[in-house]
Amino acid sequence: EAKKNHKNRYFFYNNDLHHQMLLKVNTENELQVALYKHQFTLFYQPQVNADSGHLIGVEALIRWRHPKRGIILPGAFISVAEETGMICDIGWWVLNEACRQMKRWHDSGALNVPISVNLSFNQFHDDTLVKRVQRALKMSGLRPEFLELEITESTMAENLERSIKILNEIRALGVGVSLDDFGTGYSSLSYLKSLPINQLKIDRSFVRDIAQNHRDQAIVTAIVSMAEHLWIDVIVEGIESSEQLRAIQRCRCHAIQGNYYSQPLAEDDFSEKFFA
Ligand code: C2E
Ligand code: MG
Ligand code: MG
Ligand code: MG
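What comes next concerns the included structure. (Residues numbered from 1 in each chain as written. Chains lettered and ligands numbered in written order. Predicted model: local features only at pLDDT ≥ 70, side-chain atom pairs only at ≥ 80, totals over all residues. Heavy atoms only, no water.)

## What to know about the site of ligand 1
Here comes step 1: Close to ligand 1 lie 21 residues, the nearest being Arg63, Asn118, Asp180, Glu240 and Asn259.
Here comes step 2: At a separation of 3.1 Å, an oxygen atom of ligand 1 approaches a polar side-chain atom of Arg204.
Here comes step 3: Within the side chain of Glu237, an N or O atom sits 3.3 Å from an oxygen atom of ligand 1.
Here comes step 4: Burial of ligand 1 by the protein chains amounts to 81% of its free accessible area of 790 Å².
Here comes step 5: Given that more than half its atoms are within 2 Å of the pocket grid, ligand 1 belongs to the largest pocket.
Here comes step 6: Elements with a contribution of two residues or more to the shell around ligand 1: strand E2 (55–66) and strand E6 (176–182).
Here comes step 7: A breakdown of the residues in the shell around ligand 1 according to their chemical character gives seven nonpolar, six polar and eight charged. (Near = heavy atom within 4 Å. Polar contact = N/O pair within 3.5 Å; in protein donor to acceptor, adjacent residues only side chain to side chain. Areas by Shrake-Rupley, 256 points an atom, 1.4 Å probe, with all protein chains shown as cover. 1 Å grid on protein atoms, 1.4 Å probe; cavity = no way out; pocket = protein on both sides within 12 Å on 5 of 7 lines; lining within 4 Å. Sits in = over half its atoms within 2 Å of the grid points. Helix = DSSP H or I, 4+ residues; strand = E, 2+ residues; numbered from the N terminus. Nonpolar A, V, L, I, M, F, W, Y, C, P; charged D, E, K, R; others polar.)

Structural data, given as structure tokens:
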């Protein structure tokens, strides 16, 4: 009986792996088709000065307009795209599209702020990264100081030396670098000392309870003060309420991004809301 169970378990396990593999291949094909059929689109979320309400930047966030499933969020496909290697093709498309869109907005006279683009692990470690960034700027006509690349700590943790070298090359172009999801990764303070970044984004896990939680307040206040001394800008992600906003302001943080101000919006909705 025990043997039979064991056998059954083995069978299911095996079957499960097989199933997972099929799913993955399917999804990779789907991602390829999606790219080729122009099913990816960018949504834009404003970054604002908490005191004045002025727009200070925009983050580009990918969405997949699936013909049957509707709009699919990156959480449902970015990791598969990473595993299959599709992320680079998708990511380079994002980079180019984001630069083009921000240049169009600049040209229309509607706004004059930078665009932030998320870079995946594989893109960051791709040897063609710097060339791709240069080309995206050249093709779009966007000035380098209007592009910010958002990179997480975990992307850079594996090889700090190499990461610093890449970051220096990006900064040499005049492009900004923002440390995304700050506080969730390894968060070694020595990273802040050695990484040539100009902005850090405090992760929304510090914001959720900030109105009540004194520890979160203390941590955010400390990060803001430390960053100030290092000449690094701070922005807080995930502000959903006026209580959180006030708490963040008490921590002396003045740049925010979050649904309280606006959710990520499609191009048309963004234009309509901010400069119609
Ligand atoms: P992220 O870069 O940290 O982006 C911020 C995420 O927080 C976005 O989720 C945004 O919609 C969400 N968010 C903003 N404000 C609030 C808020 O007030 N409350 C809550 N609950 N969430 C808020 P989204 O668009 O689903 O993206 C998730 C992640 O997927 C991003 O996190 C980023 O890591 C990745 N991602 C998005 N677009 C791209 C892309 O073009 N390329 C790559 N490589 N990754 C991307
Ligand atoms: Mg980001
Ligand atoms: Mg983030
Ligand atoms: Mg993230």
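## Notes on helix H10 (residues 242–250)
Here comes step 1: Three or more residues of H10 are buried, namely Gln244, Leu245, Ala247 and Ile248. Down the axis of H10, the buried set is contained in an arc of 165 degrees. They therefore lie on one face.
Here comes step 2: Elements in contact with the buried residues of H10: helix H9 (214–229), strand E8 (233–237) and strand E9 (255–257).
Here comes step 3: The first or second residue beyond H10 is Arg252, which carries a positive phi of 65 degrees. (Buried < 20%, exposed > 50% of the residue type's maximum accessible area, 1.4 Å probe, protein only. Arc of directions from axis to C-beta. Contact = heavy atoms within 4.5 Å.)

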